[in-house]
Amino acid sequence: MYTIWEAAVSNIIQPEVQRYIRGLLPPRDNIFLEMEQEARAKVIPIVEPEVGHLLYWLALTQKSTRVLEIGTAIGYSTLWIAKAVLPQGGEITTLEINPPRAAAAAGYFKKAGVAHKIKLIQGDAREILFQLSGSYDFIFLDAAKGKYLEFLNKCLELLQPGGILVAEDVLMRGMVVSGEADKRRNKTAVARLQSYLATVTKLPELETIILPVGDGVAVSTKKDNKIT
Ligand SMILES: C[S@@+](CC[C@H](N)C(=O)[O-])C[C@H]1O[C@@H](n2cnc3c(N)ncnc32)[C@H](O)[C@@H]1O
């Protein structure tokens, strides 16, 4: 997650490694650059481009078509996922609590010509998530870090076997590793993210890999009968 481009250096990856990897990313469409600029100007937290690319790559290689995103912000990660999912005939549902951010996301989806394929729900995931039914093959968890564990059971209910649950910011600038929060208000989130990681790495129905990309990404796949 980054808020200021120049400060987009995580405590997890050495800056020169991050710059090198970022330099090798394929050129981004103008709309991504525009959104990055808006996020920088308004200090809106969005995923780093390499995490966006990871989301795109996962959706592409998984051939995902039913996506649920929790935490839209202005729709940057949504459009990375859409880049893979929409040409595969898929659709995306995304939840955002903040009305101005949801409105900005709606504007970008329209501008990108994908608004008809993205169901944007403005509201609190703590309520809306629990009203959802159906099945998804890709769930991206990127809101309310302290709530990941609370959302986990519902996400697992919604996730189809073989599908993936991707959780963002799981290392929280390294604080989850050290266990020491920079601010008092981050203390609970750090402890809860530690519990989230301890849980998803141990649950028998999941296979989880933690990637030190961006601010740390946990990718869990729900085992189907074919995987033991
Ligand atoms: C880190 S940002 C999402 C960034 C976005 N996924 C991206 O990378 O482009 C997290 C977003 O979740 C939203 N959020 C926080 N708590 C929420 C909740 N309970 N329900 C829905 N959205 C929530 C915040 O308003 C914020 O815009």
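Residues numbered from 1 in each chain as written. Predicted model: local features only at pLDDT ≥ 70, side-chain atom pairs only at ≥ 80, totals over all residues. Heavy atoms only, no water.

## Some points on the overall build of the protein
- A count of helical and extended segments in the protein gives 9 helices and 7 strands.
- Against the 2.2 N^0.38 benchmark of 17 Å for 228 residues, the protein shows a C-alpha radius of gyration of 17 Å, consistent with a compact globule.
- Seen through its principal axes, the protein has C-alpha atoms that stretch 40 × 40 × 35 Å.
- For the protein, the proportion of its 228 residues judged to be buried stands at 51%. (Helix = DSSP H or I, 4+ residues; strand = E, 2+ residues; numbered from the N terminus. Rg over C-alpha atoms; globule rule 2.2 N^0.38 Å. Buried < 20%, exposed > 50% of the residue type's maximum accessible area, 1.4 Å probe, protein only.)

## Topic: the side chain of Ser-64
- Examined against the element boundaries, Ser-64 turns out to sit in the loop between helix H3 (49-62) and strand S1 (66-70).
- For Ser-64, a relative accessible area of 1% translates into the label buried.
- Residues contacting Ser-64, with those up to four places away along its chain left out, are Leu-58, Ala-59, Val-85, Gln-88, Asp-137 and Phe-138. (Contact = heavy atoms within 4.5 Å.)

## Things to note about the site of the ligand
- By nearness alone, 22 residues border the ligand, and Gly-71, Ser-77, Glu-96, Ala-125 and Asp-142 come closest of all.
- In the environment of the ligand, an oxygen atom lies 2.6 Å from a nitrogen or oxygen atom belonging to the side chain of Glu-96.
- Arg-101 places a side-chain nitrogen or oxygen 2.9 Å from an oxygen atom of the ligand.
- Burial of the ligand by the surrounding chains reaches 91%, relative to a free accessible area of 600 Å².
- Among the elements of the structure, helix H4 (76-85) and helix H6 (125-128) are those that each provide at least two residues to the shell around the ligand. (Near = heavy atom within 4 Å. Polar contact = N/O pair within 3.5 Å; in protein donor to acceptor, adjacent residues only side chain to side chain. Areas by Shrake-Rupley, 256 points an atom, 1.4 Å probe, with all protein chains shown as cover.)

## Remarks on the nonpolar core
- Membership of the largest hydrophobic core comes to 35 residues, with the highest contact counts inside it found for Leu-79, Ile-81, Phe-138 and Val-166.
- Mapped onto this core, the elements with two or more residues apiece are helix H2 (30-42), H3, H4, helix H5 (99-111), strand S4 (136-141), strand S5 (159-168) and strand S7 (217-222).
- When residues of this core are assigned to their parent elements, the largest contribution, 7 residues, is made by H4.
- Beyond its immediate stretch of four places on either side in the chain, Leu-79 contacts Ile-31, Phe-32, Met-35, Tyr-108, Phe-109, Ala-112, Val-114 and Ile-118.
- Leu-95, Leu-158, Ala-167 and Val-170 belong to the second-largest nonpolar core, a separate cluster that totals 34 residues. (Core = buried A, V, L, I, M, F, W, Y, C linked by side-chain atoms within 4.5 Å.)

## Observations concerning the pairing of S5
- In terms of residue burial, S5 counts as a mostly covered element, since 7 of its 10 residues are buried.
- Relative to S5, S4 is paired through 5 bridges, and the arrangement is parallel. The residue bridging Leu-141 from the neighbouring strand is Ala-167, located in S5.
- For the segment spanning S4, helix H7 (residues 148-158) and S5, crossover handedness is right-handed.
- Examined bridge by bridge, S5 and S7 share 5 bridges and lie antiparallel to one another. Note on S7: the bridge partner recorded for Ile-164 is Thr-221. (Pairing = 2+ DSSP bridges. Right-handed = clockwise from strand over helix to strand, strands pointing away.)

## Regarding the pattern of salt bridges
- The final tally for this structure, using the stated rule, is 13 salt bridges.
- A salt bridge links Glu-38 to Lys-42, with the shortest nitrogen-to-oxygen separation between them at 3.0 Å. Taken as a pair, Glu-38 and Lys-42 lie in helix H2 at a separation of 4 residues, close to a single helical turn.
- Note on Glu-38: relative accessible area 17%, which makes it buried.
- Among the residues examined, Lys-42 registers a relative accessible area of 55% and is labelled exposed.
- A salt bridge links Arg-66 to Glu-91, with the nearest nitrogen and oxygen atoms 3.5 Å apart. Of this pair, Arg-66 sits in strand S1 while Glu-91 sits in strand S2 (residues 91-96), and the two are 25 residues apart along the sequence.
- Salt bridges linked by common partners bring Asp-142, Lys-145 and Asp-169 together as one network. (Salt bridge = Lys/Arg side-chain N within 4 Å of Asp/Glu carboxyl O.)

## Describing the UniProt feature "binding site: S-adenosyl-L-methionine" (unreviewed entry) in the protein
- Residues annotated in UniProt with the feature "binding site: S-adenosyl-L-methionine" (unreviewed entry) correspond here to Val-47, Ser-77, Glu-96, Asp-124, Ala-125 and Asp-142.
- Tracing the backbone shows Ser-77 in helix H4.
- The exposure class assigned to Ser-77 is buried, which follows from its relative accessible area of 5%.
- Ser-77 has contacts with Val-47, Leu-55, Glu-69, Gly-71 and Phe-140, leaving out every residue within four places of it along the chain.
- Separated by 2.5 Å, the side chains of Ser-77 and Glu-69 make a polar contact.
- Locating Ala-125 in the fold gives a position in helix H6.
- Given the relative accessible area of 10%, Ala-125 is considered buried.
- If we skip the residues at most four places from it in the chain, Ala-125 touches Ile-70, Leu-95, Phe-130 and Phe-151. (UniProt positions renumbered as here; feature names shortened; annotations may be inferred.)

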